[in-house]
Amino acid sequence: MKLEQSKHISRKYQQLDDKDLVRFYRQNGDEQAFSELMNRHQTKIYSYIYSMVKDGGKADDIFQETFTKVITKMDDTYNEQGKWIAWVMRIAHNATIDYLRKQKRFVDVSSNYDKESNTDFYDRLPDEDLVSAQEQLEKDEAKSSLMRHIDELPEEQRQVVMLRHYYEMPFKEIAELTDVSINTALGRMRYALINLRKLFDKEKEQEENSYAERG
Amino acid sequence: MRNEDNNDCIRYLMKEMDPSEELLMERAMMEDEDLLIEVESMRQTLKKLDQLPEVEPPSHVTKAIKDKAAEQAEKNRQHNKTLKPAFKYAVAATLALTISAGGAWLFIGGEKTNSTQQQAATASVSSPAATETQDINQVSTGNAESSSSQFAGSNIQNQPTATTPETSNIDPWIDREDILRFEDQFSNQQKQFQTILQRSTERLKLIQEPNIQNNRVNSIQLTGSGN
């Protein structure tokens, strides 16, 4: 009975939009509303942070820092007119950039290896039981090569690609978030795609050469 | 090709164009094969981005955040509980202050009005006594000046405070527009007052040929654009 009731409650929250959930949490301190908000967006936010810092431990810290700010500053700084997720993403993005600047290093482009946790980026991915082992391997290889190429992009281009991919953020918002004009943001995306194409072409050429050498 | 034109490829692929712009872009691609190849090539690369993985945050991190959110919610509830009575008290105190200040203001205002009325009484009493023997015309003009100057400076100094039995019946008053009435002064001299009225009426003449023209513009002027 209780379980059904809780299911019903959670279904009710699932039907609400972000704005209402935020209002419930702000006005009534409704924890379930906040949980629903987190469930909706946590993966994308975490993926963005992780793809930028390439370090599980640091990604955890930044993710936690982001949500701590969200919880404590929601009453003071969040304006209900704007999208809640855009506001959260701004916090996450700023925290990520701060971290990268503090470290005074850019992400190691040659490896996805996470030194602290001794795991690779793909070790953290959920298992897909339905996909056969061979397909999974091919998929992983494709993903791996994609991530490798994305890592080779300049940071500004990578940011735009990630913000667009994970949030389908309009370029106007990306431009505001990264403090550039819309044309610059569009230009960065275009160069990112051109560079990625070149990298894929290069990879393909190398593969073909190695096959030819073996043959 | 300009940079903005190049960016149009991205805007087209990302569906950030108006339908009319999209139509123009498609027309341009039909006419320019290079542009078509460029857009299709970018579309292929963009498709590969769909394979970008999504990473779940560790459960202990999300749990810690949810706990923190619950804690903050509790804090907010407590804060609201303490803030609401405080707010109520503040409103009550403000209301009480406003009412008492208003009451005090009314009381002081009433006191002032009384004192002014008393002063006015003494002022009007002093003037008719002094001018009773004079010509009525002089009385009317002279008293108006003297009494108005006395009222204008409401702090009357060296005024006689004692009233004679003759004037004790007079109850002068000041209206709020500072118009002084002297009829009380003539209440005991009806004959003289009637004479003044008669003389004044006799002086009035009918206007035979009015020279003053009314130059007012009575017509209505319409304004606004012709469209």
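See the structure shown above.
Calculation criteria
Residues numbered from 1 in each chain as written. Chains lettered and ligands numbered in written order. Predicted model: local features only at pLDDT ≥ 70, side-chain atom pairs only at ≥ 80, totals over all residues. Heavy atoms only, no water. Helix = DSSP H or I, 4+ residues; strand = E, 2+ residues; numbered from the N terminus. Buried < 20%, exposed > 50% of the residue type's maximum accessible area, 1.4 Å probe, protein only. Contact = heavy atoms within 4.5 Å. Areas by Shrake-Rupley, 256 points an atom, 1.4 Å probe, with all protein chains shown as cover. Polar contact = N/O pair within 3.5 Å; in protein donor to acceptor, adjacent residues only side chain to side chain. Salt bridge = Lys/Arg side-chain N within 4 Å of Asp/Glu carboxyl O. Core = buried A, V, L, I, M, F, W, Y, C linked by side-chain atoms within 4.5 Å. Axes fitted to C-alpha atoms, helices over the stretch in contact; angles between N-to-C directions. Parallel < 35°, antiparallel > 145°, perpendicular 65-115°, else oblique. Left-handed = near helix turned anticlockwise from the far one by under 90°. Nonpolar A, V, L, I, M, F, W, Y, C, P; charged D, E, K, R; others polar. Bend = angle between axes of the 7 residues up to and from the residue.

(A) Looking closely at the overall build of chain A. The helix and strand tally for chain A stands at nine helices and zero strands. Across chain A, helices and strands are ordered from the amino to the carboxyl terminus as α-α-α-α-α-α-α-α-α. Taken across its 215 residues, chain A has 46% of its residues classed as buried. Counted over contacts in chain A with a minimum sequence separation of 6, partners at least 24 positions apart contribute 59%. Counting only carbon and sulfur atoms, one obtains 46% of the accessible surface of chain A, whose full area is about 11900 Å².

(B) Representation of the environment of Glu56(B) within the structure. As for its position among the elements, Glu56(B) is in the loop between helix H3 (33–48) and helix H4 (59–131). By relative accessible area, Glu56(B) is classed as partly exposed at 40%. With residues near it in sequence (within four places) discarded, Glu56(B) still touches Gln42(A), Thr43(A) and Tyr46(A). Within the local environment of Glu56(B), its side chain forms a polar contact with the side chain of Thr43(A), the two groups lying 3.2 Å apart.

(C) Quick look at the pattern of salt bridges. Residues and elements named next belong to chain A. Under the criterion given, the structure shown has 12 salt bridges over all chains. Notably, a salt bridge pairs Arg40 with Asp18, separated by 2.8 Å at the nearest N-O pair. Taken as a pair, Arg40 in helix H3 (residues 31–53) and Asp18 in helix H2 (residues 18–28) lie far apart in primary sequence, 22 residues in all. Residue classification places Asp18 among the buried residues on the basis of a relative accessible area of 16%. For Arg23, the salt bridge is made with Asp20, and the minimal N-O distance between the two is 3.2 Å. Of the two residues, Arg23 and Asp20 both sit in helix H2, three residues apart, roughly one turn of that helix.

(D) Representation of the nonpolar core within the structure. Membership of the largest hydrophobic core comes to 76 residues, with the highest contact counts inside it found for Phe34(A), Ile45(A), Phe67(A), Trp84(A), Met189(A) and Leu49(B). Broken down by element, this core gets its largest block of residues, 11 residues, from H3(A).

(E) Layout of the packing of H3(A) against helix H4 (residues 56–77) of chain A. All names here are of chain A. For the pair H3 and H4, the least separation of the axes is 9 Å and the interaxial angle reads 140°. For the element pair H3 / H4, the angle class is oblique. In this structure, H3 meets H4 at a crossing whose hand is right-handed. Contact residues: Phe34, Met38, Gln42, Ile45, Tyr46, Ile49, Tyr50 and Val53 in H3; Gly56, Lys58, Ala59, Asp60, Ile62, Phe63, Thr66, Phe67, Val70, Ile71 and Met74 in H4. Taken together, the residues that form the contact of H3 with H4 break down as 14 nonpolar, three polar and two charged.

(F) Looking closely at H3(A). Residues and elements named next belong to chain A. When the local axis directions of H3 are compared, the greatest deviation, roughly 50°, occurs at His41. Most of H3 is tucked away: 18 of the 23 residues are buried. N-cap assignment for H3: the residue whose side-chain oxygen lies 3.1 Å from the backbone N of Gln32 is Asp30. Phi turns positive, to about 60°, at Lys54, one or two residues after H3.

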